[in-house]
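Residues per chain, in single letters:
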Amino acid sequence: MPTDSPAPADTPRTPPAPAVQVPAPFPERAALPDPGPAPTLRDTDAPAPAAPGPGSGPDLPAPAAPGSGPDAPRGYRAVFAVAEFRAVFAAHLLSLLGVVVSELALTVLVYDLTGSPLLSALTFALGLLPYIVGGTLFAGVADRYPARRVLVVCDLLCAACVAVMLVPATPVAGLLALRCLVAAIAPVFTGTRMAALTDILGEGDLYVLGRSLLRIVSQSAMLIGFGAGGVLLTVLSPRGAITVTVVTFLCSAALLRFGTQDRPARATSGGGAGGTLLKESLSGARLVLGDRRIRALMLLFWLPAMFVVAPEALAAPYADAIGASPAALGLLLCAMAVGHIGAELFVGSALSPRNRSRIVLPVAAAGLLPLLVYAVRPGLPLALAALALAGAGAAYVIGLDQWFVDAVPQELRGRAMTLLTAGLMTVQGLGMALAGLAAEFFPVHQVVAGSGIIGTVCTLLLVAEARRTDPRRMSHTEERDGADRHVTSR
């Protein structure tokens, strides 16, 4: 299945390692008029608490989290020590490579059939636009049904859609409709997988590092996949290259079916009534966006990603403006991903959970500032350096992942993460479109610099809101106000 990633772009036995038992779900928020304050953030230096397993008494110790022993591996190695995660990782890698190859091959196929550059470009755009539809209307699936079942069915549905693309009689309109359907399924798959990682890896540092690894793979696969797709198209027809995606979807489904545990659904209500799925999806979106803390964190994922895509969207016209070669254009398109991968690996492996949490707001606030270099219409070396730094700025999401999973109640987690994925892809598509529109009226370098300025201002406002809604800060304020009231009441 397609995956989540913070920038274009959130995938991907031996007996499975013991997974952290998550606490029992809160009462369903849908029945409450006010979702209430966000849960208090845990100290990210401490491992996530594990609830006692079924049937355990008060005197029995809680099961240990994966990688918690004195001689257990640390960092990214600890994540790979969990057998279930290895299956999820392999499934993610296979399906993502297949999706990237199929996107390139389908674009070529549509152009071969129609000779229309517009329809060919529309094929790429249709990979982003349906995300918001699927993420909003079908988000309830992620919490209503067992995660493994949802993931496998999504993979099989996508494999079936791509298989129909291989039929020579499928018209161009059918190809585009199938592309939309795959894109609508993608946020459900990705949100379900993100929520399932908290069952597999727990809610602490292993989850954060697992999400980081999937993002790194997403960025790397974009670079490798387009290259592999180009090579395949030299020896295969476009439909032959698309066949690869059918195989990768089926392999992903098999890995998830036989490599992960079957866990119950998160939602405690709904009773399986088919008529309530849309209601559950919309009510979940309303509860998530209605919570001030969750809304601030979600926007902190979305808004910087919306503005940072401007230089990638305008890479071709900028390369032409500075007289760069086609090879230089490729470097401009790769520089941000390279910076992101390097920074995320460093932050994930070299910084402690506490320090990753500390850098979230400062790095988010400064992440778009490198784009201001475009104001002086830089040459290739300086532009590449600025793009790499802008990509490195996305490393703040490692700590933000922990804040988000701490803030979202368990019974809303699948819907919240599905909405997060859908919104992330949608705002990136919107950002590309707005950058292209602005470039019709202003020079490209001014548009990119303007994106950096406007994006920084918006991010600073979000940073202030995230500080105000920090439960630890709010609890200190409440304690102080309570003390003041006590003094004045004497």
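Bear in mind that the values here come from a model prediction, so they are computed numbers and not experimental data. Throughout, a residue's number is its position along its own chain's written sequence, starting from 1. Whole-chain, interface and lining totals are the exception, using all residues; otherwise, since this is a predicted model, local features are given only for residues with pLDDT of at least 70 and side-chain atom pairs are given and counted only at 80 or more. With hydrogens and water stripped out, all remaining heavy atoms of the structure feed into the side-chain values.

K.L.:
Can you lay out the packing of aromatic side chains for me, pointing to particular residues and giving the numbers?
P.N.:
Each aromatic ring pair is described using two quantities: the centre-to-centre distance and the angle formed by the ring planes. Think of it this way: a Phe, Tyr or Trp ring, Trp meaning its six-membered ring, pairs with another when their centres are within 6.5 Å, and the plane angle makes it stacked under 30 degrees, edge-to-face over 60, tilted otherwise. The tally for this structure, following the rule as stated, stands at 5 aromatic pairs. Between Phe 301 and Phe 404 the ring centres are 5.8 Å apart and the planes differ by 85°, which places this aromatic pair in the edge-to-face class. With a gap of 103 residues between them, Phe 301 in helix α11 (residues 292-308) and Phe 404 in helix α18 (residues 397-407) connect regions that are remote in the sequence. Neither Phe 301 nor Phe 404 differs from the other in exposure class; each is buried. Relative to Tyr 374, the ring of Tyr 318 lies with its centre 4.9 Å away and its plane at 55°, an arrangement referred to as tilted. Separated by 56 residues along the polypeptide, Tyr 318 in helix α13 (residues 315-321) and Tyr 374 in the loop between α16 (360-366) and α17 (380-392) bring together distant segments of the chain. Residue Tyr 318 shares its accessibility class with Tyr 374, and that shared class is buried. Each residue in the set Phe 80, Phe 85 and Phe 89 is aromatic and connected to the rest through ring pairs, giving one cluster. Elements are defined by DSSP. Helices are runs of H or I of four residues or more, strands are runs of E of two residues or more, and each kind is numbered from the N terminus. Only protein chains enter the calculation, and the probe is 1.4 Å; a residue is then buried if its accessible area is under 20% of its type maximum, exposed if over 50%, and partly exposed in between.

K.L.:
I'd love a proper account of the pattern of salt bridges, names of residues and values included.
P.N.:
The rule for a salt bridge is simple: a side-chain nitrogen of Lys or Arg has to be within 4 Å of a carboxyl oxygen of Asp or Glu. In the structure shown here, the tally under the stated rule is 8 salt bridges. Glu 465 is the salt-bridge partner of Arg 292, the closest N and O atoms lying 2.6 Å from each other. Placement of Arg 292 in helix α11 and of Glu 465 in helix α20 (residues 444-468) is noted, with a sequence separation of 173 residues between them. Residue Arg 292 is classed as partly exposed on the basis of its relative accessible area, which comes to 41%. The exposure class assigned to Glu 465 is buried, which follows from its relative accessible area of 16%. It is possible to trace a salt-bridge network through shared partners that takes in Arg 211, Arg 215, Glu 344 and Asp 401.

K.L.:
Outline empty space enclosed by the protein, supporting the account with residue identities and numerical values.
P.N.:
We place a 1 Å grid over just the protein atoms. Points where a 1.4 Å probe fits but has no way out form a cavity, open points with protein on both sides within 12 Å along at least 5 of 7 lines form a pocket, and any residue with an atom within 4 Å of a point lines it. Grid points are joined across faces, edges and corners, and a volume is the space filled by probe spheres set on the points. Approximately 80 Å³ is the volume found for the second largest cavity. As for the second largest cavity, its lining consists of Glu 84, Val 88, Ala 147, Arg 148, Leu 151, Ala 196, Asp 199, Ile 200, Leu 256, Thr 260, Gln 261 and Arg 263. At the level of secondary structure, the elements contributing two or more residues to the lining of the second largest cavity comprise α2 (83-114), α6 (147-165) and α7 (172-201). Under the convention adopted here, Pro, Cys and the residues Ala, Val, Leu, Ile, Met, Phe, Trp and Tyr are nonpolar, Asp, Glu, Lys and Arg are charged, and Gly plus all remaining residues are polar. Taken together, the residues that form the lining of the second largest cavity break down as 6 nonpolar, 2 polar and 4 charged.

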